[in-house]
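# Remarks on the overall topology
What follows is each chain in one-letter form.
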Protein chains: 2
Amino acid sequence: MEKQNILELIEQKKYIQLKKELSEMNEVDISEIIEPLDLPTTLLVFRMLSKGIAAEVFSYFSAEQQADIMNTITDKELKFILDELFFDDMIDLIEEMPANVVNKILINSTQEERVLINQFLKYPAQSAGSIMTIEYVELKKNMSVKEALEHIKEIGLNKETIYTCYVTDKKRKLEGIVSLRNLVVSEFEQSINDIMLEEVIYVETHDDQEIIANIFKKYGFMALPVVDKEHRLTGIITFDDIMDVMEEEATEDFQRMAAMVPSDEAYLDSSVITLAKQRIPWLMILMIGATVTGGIIKKFEDILSTVVVLTAFIPMLMDTGGNSGNQSSTLIIRGLATGEVVLKDIWRVLWKEFRISLLVGISLATVNFAKNMLLDRLELMVSLTVSLTVIIAVILAKIFGGTLPLIAKKLKLDPAIMAGPLITTIVDALTLLVYFGIASAILIK
Amino acid sequence: MEKQNILELIEQKKYIQLKKELSEMNEVDISEIIEPLDLPTTLLVFRMLSKGIAAEVFSYFSAEQQADIMNTITDKELKFILDELFFDDMIDLIEEMPANVVNKILINSTQEERVLINQFLKYPAQSAGSIMTIEYVELKKNMSVKEALEHIKEIGLNKETIYTCYVTDKKRKLEGIVSLRNLVVSEFEQSINDIMLEEVIYVETHDDQEIIANIFKKYGFMALPVVDKEHRLTGIITFDDIMDVMEEEATEDFQRMAAMVPSDEAYLDSSVITLAKQRIPWLMILMIGATVTGGIIKKFEDILSTVVVLTAFIPMLMDTGGNSGNQSSTLIIRGLATGEVVLKDIWRVLWKEFRISLLVGISLATVNFAKNMLLDRLELMVSLTVSLTVIIAVILAKIFGGTLPLIAKKLKLDPAIMAGPLITTIVDALTLLVYFGIASAILIK
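## Overview of the domain arrangement of chain A
Partitioning chain A into domains gives domain 1 (3-122), domain 2 (137-237) and domain 3 (272-442). Centre-to-centre, using C-alpha coordinates, domain 1 of chain A lies 29 Å away from domain 2 of chain A.

## Some remarks on the interface of chain B and chain A
The interface is formed by 96 residues belonging to chain B together with 95 residues belonging to chain A. Here the side of chain B that touches chain A is built from residues that sort into 52 nonpolar, 23 polar and 21 charged.

## Looking at the relation of the copies chain B and chain A
Rotating chain B by 180° about the axis while translating it 0.1 Å along that axis superimposes it on chain A, leaving an RMSD of 0.1 Å. What the superposition gives is, in effect, a two-fold axis relating one chain to the other. When you check the interface residues of chain B against chain A, 99% turn up at the interface there too, and the contact is symmetric in its surfaces.

## Quick look at unusual backbone geometry
The backbone of His-231 of chain A shows a phi angle near 65°, a positive value even though the residue is not glycine. As for its position among the elements, His-231 of chain A is in the loop between β5 (223-227) and β6 (233-238).

## Here's the deal with the packing of helix α17 (residues 272-299) of chain A against helix α20 (residues 346-375) of chain B
Here α17 of chain A crosses α20 of chain B at 35°, and the two axes come no closer than 9 Å. Regarding α17 of chain A and α20 of chain B, the two cross each other, and that crossing is right-handed. Contacts between α17 of chain A and α20 of chain B involve Val-272, Leu-275, Ala-276, Arg-279, Ile-280, Leu-283, Met-284 and Met-287 of chain A from the first element and Lys-352, Arg-355, Ile-356, Leu-359, Val-360, Ser-363, Leu-364, Val-367 and Asn-368 of chain B from the second. Along the lines of polarity and charge, the residues of the contact of α17 of chain A with α20 of chain B split into twelve nonpolar, two polar and three charged.

## Describing the nonpolar core
Residues Ile-237 of chain A together with Ile-237 of chain B are the most contacted members of the largest nonpolar core, which totals 200 residues. Ignoring anything within four residues of it in the chain, the contact list for Ile-237 of chain A reads Ala-128, Ile-131, Met-132, Ile-212, Ala-223, Leu-224, Val-226 and Ile-242 of chain A.

## A short note on the environment of Val-57 of chain A
Residue and element names in this part refer to chain A. Relative to the assigned elements, Val-57 resides in helix α5 (residues 51-60). Classification of Val-57 by C-beta neighbours within 10 Å gives buried; the count is 26. Put simply, Val-57 and Ser-186 are 129 residues apart on the chain and 36 Å apart in space, counted from C-alpha to C-alpha. With sequence-adjacent residues up to four places away left out, Val-57 is seen in contact with Glu-27, Ile-30, Ser-31, Phe-46 and Leu-49.

## Side note on the sheet that holds β5 of chain A
Residue and element names in this part refer to chain A. The strand order across the open sheet formed by three strands is β4-β5-β6, and the pairing between neighbours is mixed. In this open sheet, the two strands that pair with only one neighbour each are β4 (203-204) and β6. Here helix α15 (residues 209-219) sits on the sheet in contact with β4, β5 and β6, set at roughly 140° to β5. Against the sheet, helix α16 (residues 239-257) engages β5 and β6, with an angle of about 65° to β6.

## Focus: the sheet that holds strand β4 (residues 203-204) of chain B
Residues and elements named next belong to chain B. If you trace the three strands from one edge of the open sheet to the other, you get β4-β5-β6, paired in mixed fashion. This sheet does not close on itself; its edge strands, each paired only once, are β4 and β6 (233-238). Examined bridge by bridge, β4 and strand β5 (residues 223-227) share two bridges and lie parallel to one another. Pairing of Glu-204 across the sheet is with Val-227, part of β5. Against the sheet, helix α15 (residues 209-219) engages β4, β5 and β6, with an angle of about 140° to β5. Packing against the sheet, helix α16 (residues 239-257) makes contact with β5 and β6, and its axis sits at approximately 65° to β6.

## Considering helix α12 (residues 145-155) of chain A
Those residues of α12 of chain A that fall on the buried side of the exposure criterion are Val-145, Ala-148 and Ile-152 of chain A. On an axial view of α12 of chain A, the arc spanned by its buried residues comes to 60°, and they lie on one face. Packed against the buried residues of α12 of chain A are β1 (137-139), β2 (164-168), α13 (180-185) and α14 (192-195) of chain A together with α13 (180-185) of chain B.

Here is what the cut-offs are and how they apply
- Along each chain, residues carry numbers from 1 onward, in the same order as the chain's sequence is written.
- Going through the entries in the order they are written, you letter the chains from A and number the ligands from 1.
- This being a predicted model, a pLDDT of at least 70 is required before a residue's local features are given, and a value of 80 or more before pairs of side-chain atoms are given or counted; all residues contribute to the totals for chains, interfaces and linings.
- Start and end positions for the domains come from either an automated domain assignment or a database one.
- Whether two residues are in contact is decided by their C-beta atoms, placed from the backbone, lying within 7 Å.
- Charged residues are taken to be Asp, Glu, Lys and Arg, nonpolar residues to be Ala, Val, Leu, Ile, Met, Phe, Trp, Tyr, Cys and Pro, and polar residues to be all remaining types, Gly included.
- A least-squares superposition brings the copies together, and it is based on the C-alpha atoms of residues with pLDDT no lower than 70 in both.
- Counting from the N terminus, the helices are DSSP H or I runs at least four residues long and the strands are E runs at least two residues long.
- Axis lines are fitted through C-alpha atoms, for helices just across the contact stretch, and the angle between N-to-C directions can take any value from 0 to 180 degrees.
- Helix crossings are classified by the rotation of the near helix relative to the far one: an anticlockwise turn of less than a right angle makes the crossing left-handed, while a clockwise turn makes it right-handed.
- Each nonpolar core reported here comprises buried Ala, Val, Leu, Ile, Met, Phe, Trp, Tyr and Cys residues connected via C-beta atoms within 7 Å.
- With C-beta atoms placed from the backbone, a residue is labelled by how many other C-beta atoms lie within 10 Å of its own: buried for 20 or more, exposed for 12 or fewer, partly exposed between the two.
- Pairs of strands are assigned from DSSP output, requiring at least two bridges between the strands.
- Here the arc refers to the set of directions running from the helix axis out to each C-beta atom.

Laid out in structure tokens, this is it:
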């Protein structure tokens, strides 16, 4: 059903047909269509949805819209939604709502739920605990396949996934997993104990989401169990939440690498002030850092005024150094994020970047030399000074670019801060020192 | 089972225990452990694995290792592996193997398989066709739930996923989907027609993988059907392959944004020459571009020799402009990749970036002015020239940085090329023009 048709049905008040069409649609699409409408209309459509669908549509609304709806609907309706929401969505909701709405939620929860909510709110941001959900299927070793399937049939609709089931003992310790595929292809009389997989890959509640994302990518899992320190099953993480994590982590790295304070708020939804605040700190630091480079120029003013043409190459040398360093640091930062490069590779990276920088530096310097001699008809010694600086600038840039992210990792800093902008500032200063050093040696007798 | 223990069992030739331990392990881990061993040992362990496991372990080996193994094993063993490989892994294999191995594969395929292989090899790289697989569960409308479950029980182990099943008509046109969850919670006598979902979201064989990845992220699907122009089902794409796509697409953007020719080869596995070739072209272009900036300096040599102190601010102005532009272009490029920003947002972006740049520019200029006046005790007019240039440079940088990626998209170019390095080169030239323009007006009477 097209968006336009739905809007027409709403306008023409053809509610019976509208309800039928909505029941066939995907929840994400429904929320996308009704979110921009005014609140009374949104509520009108929202109330036509079946309970389960309504809760899911609700979970896709923006925080603002969610707060508006929760402030408007009756307590009974609220309770319906809360009952149907998956626990991880409920936690996300509580974290984003203003205090009065949170109160409304807590009043409408059971004592048991409140204890759980409290426990979940305590997990560190970006940890397994903060992204897991508790709606999983739990089986026991001594069940038969038939009993397990009957159990799933009964409870399956309220679980986040039923495709991986978790076998636990009396103390809720994780003993194994069984996929629904295995259940479906097995004979009814087989026991869970016979078909379950005991060597389970799991994570702990405090593990970082980036590590977890890498496990998902490595193994292609659909879900991963989360255990506490006593190996008790406390939740599961499903692949769809991990896709969000992957996107979020990549976006964070992009932002950090472009010298911004990372934020997971969408660009178009962020206020100008928020975005400016995200950008000013690093620009300020880098601006002040760049005055060091200015100081170097000041120190060598004599050379520049003797051989005036040298000034014209400053931008090219700075850019080439910066760009070369940016290439290397980007590859290493990305390699560290995907787990393809690890700390102990530092010497391999250093040696590799050194050889690459020789090739790259000599290629660039040769073209530069040819251009300076043939096109611009510069003096041989000036051309030599510039080309030699290109080579050394590229080598320095690639060595700093390749190793600084690894050193940051070693120091437990985020490698992404050692990206282009910072490397550029460092390499700029070094490049000019080299440039004026060579110029002093070759040109000033 | 720890890696060390497996290696010990191999060394001590405890093959019976080894076989048992391997049967409990994840295929990814097995391939990781045995890949580094010498070929005879790898083959020895490989032959202990059951047919299905062996094929999966095989699919995780490097291309080199795969070629070695296929050159060594018997035709009968080869046929076993090929039979068990999922079709998308088989296509990947054929694309990467040297000609003699491809021949060996084709000789061991049926006529029907060869036709399919040919068809699949023709799909464009990074299209739905190139990442889909053909091992899906097909159901018919008139089946009962019981019949469907029996059908799945029979064939389920050989399918990439059984969790979403596809309902097709006699001409293989896609009519609907049924999740295994729905099958398991429904009554045996219900018909597929009653429980299937007819409003199916699908992609076509030539759709681009980035768009497909965004659909997966938006809806949280586990699998997506791929149809041809006649709406016939030709394959499915599963979430695990999409996780690889997401990682690959992000890495490609990182590389392009750092002025590299993108490559999906791993950094540590790439040769120095390959890596240098990836990096030289853009560095060369940018280096030549930067000579324009040099030319501007040359043109204004008079001003620089009159007010010598101006030279010292060139690095700071260039870096600040470049960094500011880099921030904006990064946010927009990333927004375009995740689908959060679209082409028609261009005026919103422009207006937003303009306001942000005012805030950012004025903040930076103020700090700069204070530093120049109080710390460096520069002349008022020089300080004013520098600070004014900072503001204008930031505005230009953010406007170019914010809009150039959108313009690239509009021109059907990859927005990621409009990243920091290129913006920096453009903004550098503009910044210096502004700088010298203001200096001429204010300082030279």
